[in-house]
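In case you want the letters, here they are:
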Number of protein chains: 2
Amino acid sequence: MASIDVCLSPNLLPLYNLEGKLVIVVDILRATSCMVTAIAHGIDHIIPFDNLEDCAALKTEGYLTAAERDGQQVEGFDFGNSPFTYMGPELKGKNLAVTTTNGTACIKQSEGAKEIGIGSFLNLRAVAAYIRTTKSDVVIACSALKGKPNAEDTLFAGALIELLPELLPESDNCLLAQTLWVAAKENPTAFINLTTHVQRLQKLGIVDDIAFCMQPDIYPIMLLMQEGKIRKA
Amino acid sequence: MASIDVCLSPNLLPLYNLEGKLVIVVDILRATSCMVTAIAHGIDHIIPFDNLEDCAALKTEGYLTAAERDGQQVEGFDFGNSPFTYMGPELKGKNLAVTTTNGTACIKQSEGAKEIGIGSFLNLRAVAAYIRTTKSDVVIACSALKGKPNAEDTLFAGALIELLPELLPESDNCLLAQTLWVAAKENPTAFINLTTHVQRLQKLGIVDDIAFCMQPDIYPIMLLMQEGKIRKA
């Protein structure tokens, strides 16, 4: 019987043995939601970076570049971290280099895993379906907010676990995530509107992004990272 | 307006600025529950250690010694980590040196704080009352299970926050803890019986301890650490 576990912060990932496992990285607001949106709209592959310099350098290789720090787009990059900017027909067949405050750092820290998948509400059931086809143990790696666990990634973990009752919960973090999800699932957007993280984004004028990122199953695609590149599985 | 925050794991404590703050360390199963019980039954003060050697050395200074690793008493020490062993009349006026897997390590990691208090369900309202008398910002430091957040410490955090609506929640971890508490508070013991941590303790024959430690307000005392010694405030 395969197992499932949740890691609430990338700072706790060193406590988890990722060897041989499938890690699902999640950063609902907004890195992984943007990745799913971009690839659903025709981006071929995405390379995640944990720093601005390496990410910017990919411009010379013809990549579109995206960078977000503290909720806002960084000057000199083509994109920030809003899913609505990743919907244009001009994306088709292009590649994207991305760095964000939390999500891409979490991907880099998951690199000891056998496989890395990208999770968001936008592709929730596609992620669950992919997990069902593998025999791997799974760790859901929440990107958190500068290391502190956050509500929206934890909710996603609870939602995903609910879809996979056949997997054995590995630690009490599964119960924490599931309980949170059960408490919030009638209206997850209302729930996360209570959070300081969302209130901070709203102060930056980021409102539509939040409602968009909380929608389940808009894009029925699974993304995997292979040799440093994230693409459709 | 003073603030309150929750740190779900000692491994995340470096992300919190503890300077000038009151940290409430909690290890419901069972270190902080035992400390409250022992002092309620007449122990004068407790010195926490993060290693067995330093703890054992206090024997030569007339201290009773207690050590727990992986749920069980360590050979050569007077006590393990069961609250029922801290209720005898022979404890009166004695001092205790303690080391446990999670709780005492969390206390050591909180030493940058202005004040360190000891929290458990057994003295829940006394902790809330003490917090109300201070003007300090508060961080509830959960001892977790070998670094991974656990249900019972998180529940305690939620219960304590519920008693202090006048404090400003500092991060979304307050919302996580409160939501968990609201979901579980009708029967917190039934809730934590679902956890792997409790199931592991039950396999070790530790059943009564768990029910005991989940009882609110058995001992209306506040404990503070001063100059390395924990005693009644």
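Residues numbered from 1 in each chain as written. Chains lettered and ligands numbered in written order. Predicted model: local features only at pLDDT ≥ 70, side-chain atom pairs only at ≥ 80, totals over all residues.

S.K.: I keep staring at the overall build of chain A and nothing clicks. Help me out?
M.R.: Each helix and strand in chain A was counted, giving 9 helices and 11 strands. A globule of 233 residues ought to have a C-alpha radius of gyration of about 17 Å, and chain A, at 16 Å, matches this closely. With respect to the three principal axes, the spread of C-alpha positions in chain A is 45 × 40 × 30 Å. When each of the 233 residues of chain A is scored for burial, the buried share is 55%. A separation of at least 24 residues holds for 78% of the contacts in chain A among residues at least 6 apart in sequence. (Helix = DSSP H or I, 4+ residues; strand = E, 2+ residues; numbered from the N terminus. Rg over C-alpha atoms; globule rule 2.2 N^0.38 Å. Buried ≥ 20, exposed ≤ 12 C-beta atoms within 10 Å, placed from the backbone. Contact = placed C-beta atoms within 7 Å.)

S.K.: Would you mind going over the relation of the copies chain A and chain B with me for this structure?
M.R.: Both copies of the chain are tied together by a single rotation about an axis and a shift running along it. Overlaying chain A on chain B yields an RMSD of 0.0 Å, the required transformation being a rotation through 180° with an accompanying axial translation of 0.0 Å. Such a turn and shift between the copies fits a two-fold axis. If distances are taken from each C-alpha of chain A to the rotation axis, the shortest is found for A:Leu180, at 3.2 Å. Looking at the interface residues of chain A, 100% of them are also at the interface in chain B, so both copies use one shared face. (Least-squares fit on C-alpha atoms with pLDDT ≥ 70 in both.)

S.K.: Got a minute to help me understand the packing of helix H5 (residues 151–162) of chain B against helix H6 (residues 172–184) of chain B in this structure?
M.R.: How two helices pack is summed up by the angle between their axes together with the distance between the axes. All names here are of chain B. Running from N to C, H5 and H6 cross one another at 95°; their axes reach a closest spacing of 7 Å. Taken together, the axis directions place H5 and H6 in an arrangement best described as roughly perpendicular. Each of Thr-154, Leu-155, Ala-157, Gly-158, Ala-159, Ile-161 and Glu-162 in H5 lies in contact with H6, whose residues at this interface are Cys-174, Ala-177, Gln-178, Leu-180, Trp-181 and Ala-184. For the contact of H5 with H6, the residue count by class is 9 nonpolar, 3 polar and 1 charged. (Axes fitted to C-alpha atoms, helices over the stretch in contact; angles between N-to-C directions. Parallel < 35°, antiparallel > 145°, perpendicular 65-115°, else oblique. Nonpolar A, V, L, I, M, F, W, Y, C, P; charged D, E, K, R; others polar.)

S.K.: When you look at the interface of chain A and chain B in this model, what are you seeing that I'm missing?
M.R.: Many analyses report the size of an interface as the accessible area lost when the parts associate. With 24 residues of chain A at the contact, the number on the chain B side is 24 residues. For the side of chain A that touches chain B, the elements supplying multiple residues, two or more each, are helix H5 (151–162), helix H6 (172–184) and helix H8 (196–203) of chain A. The greatest single-element share of the side of chain A that touches chain B, amounting to 8 residues, is contributed by H6(A). Within the side of chain A that touches chain B, the residues separate by chemical class into 11 nonpolar, 11 polar and 2 charged.

S.K.: It is not clear to me how unusual backbone geometry should be interpreted in this structure. Could you clarify?
M.R.: Residue and element names in this part refer to chain A. The linkage connecting Leu-29 with the following residue, Arg-30, adopts the cis geometry, with an omega of 5°. Within the fold, Arg-30 resides in the loop between strand E2 (22–26) and helix H1 (31–40). A positive phi angle, near 50°, is found at Lys-146, a position not held by glycine. Tracing the backbone through its elements, the reader meets Lys-146 in the loop between strand E8 (138–142) and H5. Taking the number of C-beta atoms within 10 Å as the measure of exposure, Lys-146 has 16 and is therefore partly exposed.

S.K.: How do you make sense of the pairing of E2(A) when you look at a structure like this?
M.R.: Remark: a regular strand shows side chains that alternate across the two faces of the sheet. Residue and element names in this part refer to chain A. For E2, the tally of buried residues reaches 5 of 5 residues, placing the bulk of the element in the interior. Of the two faces of E2, the one carrying Leu-22, Ile-24 and Val-26 and the one carrying Val-23 and Val-25 are both buried. Relative to strand E7 (residues 115–119), E2 is paired through 5 bridges, and the arrangement is parallel. Considered in E7, the bridge of Ile-24 is made with Gly-117. Note that E2 and E8 share 5 bridges and pair parallel. (Pairing = 2+ DSSP bridges.)

S.K.: In this structure, what is going on with the environment of B:Leu52? I would like to understand it.
M.R.: Residue and element names in this part refer to chain B. Structurally, Leu-52 can be placed in helix H2 (residues 52–57). Along the sequence, Leu-52 and Asn-102 sit 50 residues apart, while their C-alpha atoms lie 13 Å from each other. Residue contacts for Leu-52: discarding those within four places in its chain leaves Ala-67, Val-74 and Thr-99.

S.K.: Which parts of the structure should I look at to understand the environment of B:Lys229?
M.R.: Residues and elements named next belong to chain B. Turning to its location among the elements, Lys-229 is positioned in strand E11 (residues 229–232). For Lys-229 and Phe-79, which are 150 residues apart along the polypeptide, the C-alpha to C-alpha distance reads 18 Å. Among all residues touching Lys-229, those that are not within four sequence positions of it are His-45 and Ile-47.

S.K.: Got a minute to help me understand H6(A) in this structure?
M.R.: Because an α-helix packs 3.6 residues into every turn, residues spaced three or four apart end up facing the same way. All names here are of chain A. Over its 13 residues, H6 runs 19 Å from end to end, which matches the ideal 18 Å to within 8%, given 1.5 Å per residue. Across the 13 residues that make up H6, a large majority, 11, are buried. When we look at burial in H6, the residues that qualify are Asp-172, Asn-173, Cys-174, Leu-175, Leu-176, Ala-177, Gln-178, Thr-179, Leu-180, Trp-181 and Ala-184. (Expected span 1.5 Å × (residues − 1).)

S.K.: Explain the pairing of strand E11 (residues 229–232) of chain A here, please?
M.R.: Residue and element names in this part refer to chain A. The sheet contact formed by strand E10 (residues 223–226) and E11 spans 4 bridges and is antiparallel. Its bridge partner being in E11, Leu-223 is matched across the sheet by Lys-232. Once E10 ends, the chain turns through 2 residues before running back antiparallel as E11, passing Glu-227 with a positive phi of about 50°.

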